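Given next are the chains, with one letter for each unit.
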Amino acid sequence: MTTSVQKSGGYPKVRRMKFRFGDPEPMTKYYAGDDIVLSHLVALLSAAFPPGEESFIRSVRRFADQITDPVLKKRVAAFIGQEAVHGQQHSSLNEQLFALGYPLPRFVSRQGELVRRAERLAPPAAHLAITAAAEHYTAVLAARVLSSPEIQSLAGDPEVRNLLNWHALEELEHKSVTFDVYRSIDGPEWLRIAIMSVMYLFTIPVVGLGVLASIIADPPAWQPITVARQSYRLIRGPIVRGLLGEIQVYLKPGFHPDQVDTAALLQRWQTELFGAQGALVDRVR
Ligand SMILES: [Fe+2]
Ligand SMILES: [Fe+2]
């Protein structure tokens, strides 16, 4: 377990953040550089984070009394702390977005009870395997966000970009925590791979249909030519291009998240955002 801690650059650090969305300048409806499709995609993900991350936390808590390794225990506590703050800060962004009118994301954000009911149907090991797979998705996306100047320039609203960079940084900090919990409880390798196989097939189509439905529910976004052009740009662009290949490595027997080396990226952004002159030091409460 120590190797995981060293490779991922120490324990994840819980930072109590407070972002200032819409202050001093009010947010615009299509805050991601006037891009309707990208704005709906980020709104949808942001809406899904609070209920989703609460479920991730519960999946780990189901095994809390079986985690005996003190290092892993500390990493789990930090994971829970980080995900809890992510949920809070995304909720704060979501309030601003919903006021601007994003009906489907608003509906998605209220599905916490449905998620709770669904996860009760899953055996605890499967619930944890879903979390570990989802954490691989977030780690892959996080590394893309932090390493692509092109994605950085897409974010539009500066405070939304700050939120996404901070969230991405912490996703990299804790990327192997739930995976290591799964290993520590002897979660079967076949189940881990089976769960990701299903998620691998369905996640991108489901998110794609979600974005389409979100746009359909938002009359000002009914601009078919613009939406078609922006969708094409998104699919061919740095967020989606090659994504499945990076997800696929998780399906290899014996895979571990630390086999993808993100230590240098992590260190660079830790300094950039939270070093002595860090860009987000004044957002920490
Ligand atoms: Fe998160
Ligand atoms: Fe996470």
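These lines cover the structure that appears in this document, whether it is placed above or below. (Residues numbered from 1 in each chain as written. Chains lettered and ligands numbered in written order. Predicted model: local features only at pLDDT ≥ 70, side-chain atom pairs only at ≥ 80, totals over all residues. Heavy atoms only, no water.)

**As for the coordination of the iron ion (ligand 2)**
Around the iron ion (ligand 2), the protein contributes the donor atoms Glu-83 (OE), Glu-135 (OE), Glu-135 (OE), Glu-171 (OE), Glu-171 (OE) and His-174 (NE2), at 2.0 to 2.7 Å from the metal centre. Around the iron ion (ligand 2), the six donor atoms are arranged such that angles at the metal cover 52 to 148°; this shape is classified as irregular. In the primary sequence, the donor residues of the iron ion (ligand 2) line up as E-x51-E-x35-E-x2-H. Here the iron ion (ligand 1) and the iron ion (ligand 2) are spaced 3.7 Å from one another, each receiving a donor from Glu-83. Here Glu-135 lies in helix H6 (residues 124-147) and Glu-83 lies in helix H3 (residues 70-100), a separation of 52 residues in the sequence. Taking the relative accessible area as the measure of exposure, Glu-83 reaches 1% and is therefore buried. (Donors = N, O, S within 2.8 Å, 3.2 Å for Na, K, Ca; no water. Tetrahedral: all angles 85-135°; square planar, octahedral: opposite > 155°, others 65-115°. Helix = DSSP H or I, 4+ residues; strand = E, 2+ residues; numbered from the N terminus. Buried < 20%, exposed > 50% of the residue type's maximum accessible area, 1.4 Å probe, protein only.)

**Some remarks on unusual backbone geometry**
In this structure, Pro-24 follows Asp-23 across a cis peptide bond, with omega equal to 5°. In the Ramachandran plot, Asp-34 falls in the positive-phi region, its phi being about 65° despite a non-glycine side chain. Counting through the fold element by element, Asp-34 comes out in the loop between helix H1 (2-7) and helix H2 (36-61). Residue classification places Asp-34 among the exposed residues on the basis of a relative accessible area of 60%. A positive phi is found at Asp-186, a non-glycine position, where the angle reads about 60°. Among the structural elements, Asp-186 can be located in the loop between helix H9 (177-184) and helix H10 (189-216).

**Some remarks on the coordination of the iron ion (ligand 1)**
Here the iron ion (ligand 1) is held by the protein donor atoms Glu-53 (OE), Glu-83 (OE), His-86 (ND1), His-167 (NE2) and Glu-171 (OE), which lie 2.0 to 2.3 Å from it. Site description for the iron ion (ligand 1): donor spacing in sequence, E-x29-E-x2-H-x80-H-x3-E.

**Considering a nonpolar patch on the surface**
A cluster of nonpolar side chains, Val-198, Leu-201, Phe-202 and Val-206, forms an exposed patch at the surface whose accessible area comes to about 410 Å². Its place among the elements puts Val-198 in helix H10. Under the relative-accessibility criterion, Val-198 is labelled partly exposed at 47%. (Patch = residues over 30% accessible without salt bridge, like charges linked within 9 Å, V, L, I, M, F, W, Y side chains within 5 Å. Areas by Shrake-Rupley, 256 points an atom, 1.4 Å probe, with all protein chains shown as cover. Salt bridge = Lys/Arg side-chain N within 4 Å of Asp/Glu carboxyl O.)

**Details of the packing of aromatic side chains**
Across all of its chains, the model carries six aromatic pairs by this definition. Ring plane angle 65° and centroid distance 6.4 Å describe the contact between Tyr-31 and Tyr-102, whose orientation is recorded as edge-to-face. Separated by 71 residues along the polypeptide, Tyr-31 in the loop between H1 and H2 and Tyr-102 in the loop between H3 and helix H4 (103-109) bring together distant segments of the chain. The same class applies to Tyr-31 and to Tyr-102, which are both buried. Geometrically, the ring pair formed by Phe-179 and Tyr-250 is edge-to-face, given 6.0 Å between the ring centres and 90° between the ring planes. Taken together, the residues span a long stretch of sequence, with Phe-179 in helix H9 and Tyr-250 in the loop between helix H12 (243-248) and helix H13 (263-274) at a distance of 71 residues. On the basis of relative accessible area, Phe-179 is assigned to the buried category, the value being 2%. On the basis of relative accessibility, which here comes to 0%, the residue Tyr-250 falls in the buried class. A connected cluster of aromatic rings, assembled from ring pairs, spans Phe-19, Phe-21 and Trp-166. Its guanidinium or amino end placed over the ring of Phe-274, Arg-15 lies 4.5 Å from that ring's centre, counting from NZ or CZ. Between the NZ or CZ atom of Arg-192 and the centre of the ring of Tyr-250, over which it lies, the distance is 4.7 Å. (Phe/Tyr/Trp six-rings, centres within 6.5 Å; stacked < 30°, edge-to-face > 60°. Lys NZ or Arg CZ within 6 Å of the ring centre and 35° of its normal.)

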